[in-house]
Amino acid sequence: MQLIPRHDPYMIVRSTGGVTVAALRGELDLVLVRHLRPELDALVRESDALTVDIRRLTFCDATGLGLLAHCAGRTRQRGARWRLVCDQPWILRLIRLTALGDVLCPDADPTGALPVAWEEGPADALPVMTALQRDPAAPCPVELGVRRPVS
């Protein structure tokens, strides 16, 4: 397992077996988006499979959703695999209301097979992460029921 060195309280990145996991925490608003965008853009350019874990976000606004949609689109455009891990109903509702379900393809991971983003402990402690169990190349879950209008 390779750790990508970073000293950022809002994003921890780990890479193993061609899969990169970026775990975000805090408030994904305009200020944090400006801070994280260069780092996430670099991960999008360099990763064969990118998983963004947002289970520890305490807030997400339109700019945060825009950043996630940008990352998802660019990742897929490169032919790489994208996965968004989110189990928070209020963020999932925002994704539904903005019709971004087919772009972001959120996965709640009810099996618990995903890496743990943050364990309780010191702010600078690194999380314990395991390899992904789900096939990230699988199509997006359809249970969100979000459909884009056909024009």
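One structure accompanies this document, and this report is about it. None of these values were measured; they are calculated from a predicted model. (Residues numbered from 1 in each chain as written. Predicted model: local features only at pLDDT ≥ 70, side-chain atom pairs only at ≥ 80, totals over all residues. Heavy atoms only, no water.)

1. Remarks on the overall build of the protein
To keep it simple, the criterion reads: A run of H or I in DSSP becomes a helix once it reaches four residues, and a run of E becomes a strand once it reaches two; helices and strands are each numbered from the N terminus. For every residue, the accessible area obtained with a 1.4 Å probe (protein chains only) is divided by the maximum for its type, and the residue is called buried under 20%, exposed over 50%, and partly exposed between those limits. Two residues form a contact once any of their heavy atoms are found within 4.5 Å. With residues, only the protein chains shown are counted as cover, and all accessible areas are computed by Shrake-Rupley using a 1.4 Å probe.
A count of helical and extended segments in the protein gives four helices and six strands. Reading the protein from its N terminus to its C terminus gives the helix and strand order β-β-β-α-β-α-β-α-α-β. Residues counted as buried form 46% of the 151 residues belonging to the protein. Considering only contacts within the protein whose residues lie at least 6 apart along the sequence, 69% involve residues at least 24 apart. By element, 54% of the accessible surface of the protein is carried by carbon and sulfur atoms, the whole surface being about 8,300 Å².

2. Structural notes on unusual backbone geometry
Phi is positive for A99, which is not a glycine, with a value near 55 degrees. Residue position: A99 is located in the loop between α3 (89-97) and α4 (101-104). Here the phi dihedral of C105 falls at roughly 50 degrees; this positive angle occurs in a residue that is not glycine. As for its placement among the helices and strands, C105 is situated in the loop between α4 and β6 (106-107). On the basis of relative accessible area, C105 is assigned to the buried category, the value being 7%.

3. Re the pattern of salt bridges
Going by this rule: A pair is scored as a salt bridge if a Lys or Arg side-chain nitrogen falls within 4 Å of a carboxyl oxygen belonging to Asp or Glu.
Overall, the coordinates contain three salt bridges when judged by the stated rule. For D107, the salt bridge identified is with R83, shortest N-O distance 2.4 Å. In this pair, D107 is assigned in strand β6 and R83 in strand β5 (residues 81-85), connecting sequence segments 24 residues apart. Of the two residues, D107 and R83, both sit in the buried class.

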